[in-house]
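Coordinates in review
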Amino acid sequence: PGVAMSQSESIGRPEALTQLERTVRENLKAPPPDLQLPHYPELADRLGALECAEAADDVVDHVALIKERVAAGDVAGAEDMVGRLMPAMGITPHVVAFNIVMDGYAQAGRAEDALGVLELMETAGVAPTVVSLTTLAAAYIAAGEPQCAADVVNITMPSLGIAPNTATYGLMIKAAMAERKVDVALSWLDAMEASGVPGDATAYGTAINASANASDAHTAEAILARMLASGLVPDVIAWSALAKAHVRARSPAAAAQVLDRMLAAGVAPNAKTYGTIIAGYAAARQPERAEALMDELLAAGLKPDVVTFTSLMEAHARVGDVSAAEHTLARMTAAGLTPNIYAFVTLIKAHRNNHASSPAARAEGAEAVWAAMAAAKLKPSPQAYCVMLRTFANAKPVRVARITRYVDAAITDGCLNHHVASAALWASYHARDIALGTRVHNALLDVCGDDDEKTAHVWRLIQDPIRRRCRYGSRCGRFDCAFDHTASSSSSSSSSAPRSSFRCGYRSPCYQRQ
């Protein structure tokens, strides 16, 4: 009452909705006995199609208002409308209205509030549906409580006589995949099949992806076979997940065979499928096969993205082919793509692995890439600092000043983590700089609070004065030699050294092939 809605007003204007709600609230301060929710058919029309379009006009009106409040982020206001305003006006909210409010809480990860909406439904005498309880399970998953979500499906739904549907099982499979629990994902898939619920390609594809994340190609193949047996046709997402499973299992050749199987099934691979297999060949140090797949991708009329180009760069970087990695970077730029931080880090790796050049030349090349990265206004990542520090740690002679500079920058940029600290401690060990190692270790304790296994190991090496120098006087600087370095350095080298046909590259009398 008291609100005039003009036909010329814009569609779904928030001001009009707010004014309507304000008027209702003001009337509720002293509600007249005949107060009813005003009917505005034109308002419902302007709000678009609703799930409850076939319901009464009052239901359409209040569901529209609730959807607007949730879309605006005011979930608590929407719950107040459902739980207090509507009952005060003698209107029982539709189950869709409760589900909308519950979904708003689920997206925010507020499981307890979503459960409170379910209790409101019980108070209002509205029976929950499978959508209601699936939404509650989604709220628990978003809140990091997957076991509570499982209890909703396994306990609450049967107690109310509600059977889970395909969306319910798909939600639980996806949650198990996020936790990398392949056995749990498969148990939900088994439950879906046993209950007779018709599965869909998304549920099976999610289970295949869960197996891929666990590097279990055998299970991924078994799920695909079950999918085919159920009469479903795998889509490109399921096939791509299967290719990823073989890549994670370090079998890029099997992943490449997935492409042939896809084409035989009438499914065209997309750019992501090719990119996944290119990354597999990169990890296997097979740049020729990676280049061949890139050619196939382009011949199919697909456009590679930055990740695919970076994977191809990684294939060349792992074998130290700087020129090929730089050429791939140029192709990326020519395709209109902007290289990201990972592309530059990959190019630094190419210089680090270029054993055809001298250690000093490798370090200089890495610094040139670092300068180009700074010119592109890209903020260095922890991985970038880690690669640079390892590059300089292996350079001979060890350049303590440059190592110190990158350590200072990593600390200043907030990039010091266990991986960067391990690389910095390694560089300090090779530089025989105890002060720098101590400074890095103290900074690590300030940031992370403790050591991990790797940094603690290198820190012990730096602290031990005997371990800082080879027992046999070698300049190799390695600490993973098979000999007992903690033995007294005064021991005779010739009497305790084993006989072997291999000699240390630095001509140490320890006879270790390393």
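To start, this report covers the structure provided alongside it. Fair warning: this is a prediction, and the values are worked out from it, not measured in the lab. (Residues numbered from 1 in each chain as written. Predicted model: local features only at pLDDT ≥ 70, side-chain atom pairs only at ≥ 80, totals over all residues. Heavy atoms only, no water.)

**Comments concerning helix H15 (residues 271–283)**
Taking 1.5 Å as the rise per residue, H15 with 13 residues should run 18 Å; its terminal C-alpha atoms sit 18 Å apart, in good agreement. Counting buried residues along H15, ten of its 13 residues qualify, which places the element largely inside the surrounding structure. Turning to H15, its buried residues are Ala271, Thr273, Tyr274, Gly275, Thr276, Ile277, Ile278, Gly280, Tyr281 and Ala282. At its buried positions, H15 is contacted by helix H13 (236–248), helix H14 (252–264), helix H16 (287–299) and helix H17 (306–318). The backbone nitrogen of Lys272 has a side-chain oxygen 3.2 Å away, supplied by the residue at the start of H15, namely Asn270. (Helix = DSSP H or I, 4+ residues; strand = E, 2+ residues; numbered from the N terminus. Expected span 1.5 Å × (residues − 1). Buried < 20%, exposed > 50% of the residue type's maximum accessible area, 1.4 Å probe, protein only. Contact = heavy atoms within 4.5 Å. Polar contact = N/O pair within 3.5 Å; in protein donor to acceptor, adjacent residues only side chain to side chain.)

**Description of the packing of helix H10 (residues 182–194) against helix H12 (residues 217–229)**
Where H10 contacts H12, the two axes come as close as 12 Å, and the packing angle between them is 10°. Between H10 and H12, the crossing angle belongs to the class labelled roughly parallel. Where H10 crosses over H12, the handedness of that crossing is left-handed. Side by side, H10 and H12 meet where Val182, Leu186, Leu189, Asp190 and Glu193 of the first sit next to Thr219, Ile223 and Arg226 of the second. (Axes fitted to C-alpha atoms, helices over the stretch in contact; angles between N-to-C directions. Parallel < 35°, antiparallel > 145°, perpendicular 65-115°, else oblique. Left-handed = near helix turned anticlockwise from the far one by under 90°.)

**As for the layout of surface pockets**
To locate leftover empty space, one rolls a probe as large as a water molecule over the atoms. By volume, the largest pocket is sized at about 930 Å³. In this structure, the largest pocket is lined by 40 residues; those nearest its centre are Lys244, Arg248, Lys272, Thr276 and Val307. Counting residues per element, the ones that place at least two in the lining of the largest pocket are helix H9 (166–178), helix H11 (201–213), H13, H15, H17 and helix H19 (341–352). Ranked by residue count, the leading element in the lining of the largest pocket is H13, at eight residues. Looking at the lining of the largest pocket, its residues break down into 16 nonpolar, 15 polar and nine charged. (1 Å grid on protein atoms, 1.4 Å probe; cavity = no way out; pocket = protein on both sides within 12 Å on 5 of 7 lines; lining within 4 Å. Points joined across faces, edges and corners; volume = space filled by probe spheres on them. Nonpolar A, V, L, I, M, F, W, Y, C, P; charged D, E, K, R; others polar.)

**Some points on the packing of aromatic side chains**
Two measures describe an aromatic ring pair: the distance that separates the ring centres and the angle between the ring planes. Under the criterion given, the structure shown has four aromatic pairs. Three or more aromatic residues joined by ring pairs form one cluster here, namely Trp370, Tyr385, Phe392 and Tyr406. Lying over the aromatic face of Tyr406, Arg405 brings its terminal NZ or CZ to 5.0 Å of the ring centre. (Phe/Tyr/Trp six-rings, centres within 6.5 Å; stacked < 30°, edge-to-face > 60°. Lys NZ or Arg CZ within 6 Å of the ring centre and 35° of its normal.)

**A word on the nonpolar core**
Of all hydrophobic cores here, the largest spans 132 residues; its most connected members are Ile66, Val101, Ile208, Ile277, Trp370 and Leu389. Of the residues forming this core, the biggest block, nine residues, is contributed by helix H5 (residues 95–107). (Core = buried A, V, L, I, M, F, W, Y, C linked by side-chain atoms within 4.5 Å.)

**Some details on the environment of Met388**
Tracing the backbone shows Met388 in helix H21 (residues 382–393). Judged by relative accessible area, which is 0%, Met388 ranks as buried. The spatial distance from the C-alpha of Met388 to the C-alpha of Val345 is 8.7 Å, given a sequence separation of 43 residues. Those residues in contact with Met388 that lie beyond four places of it in its chain are Ile348, Ala366, Glu367, Trp370 and Tyr406.

**Side note on the packing of H19 against H21**
The relative placement of two packed helices comes down to the angle between their axes together with the axis-to-axis distance. In the contact formed by H19 and H21, the axes pass within 10 Å of each other and the chain directions differ by 10°. One finds that H19 runs roughly parallel with respect to H21. Our pair here, H19 against H21, has a crossing hand that is left-handed. Residue-level inspection shows Tyr342, Val345, Ile348, Lys349 and Arg352 of H19 in contact with H21, the latter providing Gln383, Ala384, Val387, Met388, Arg390 and Thr391. Class assignment for the residues of the contact of H19 with H21 results in six nonpolar, two polar and three charged.

Fair warning: the whole summary comes from geometry, so function is off the table for now.
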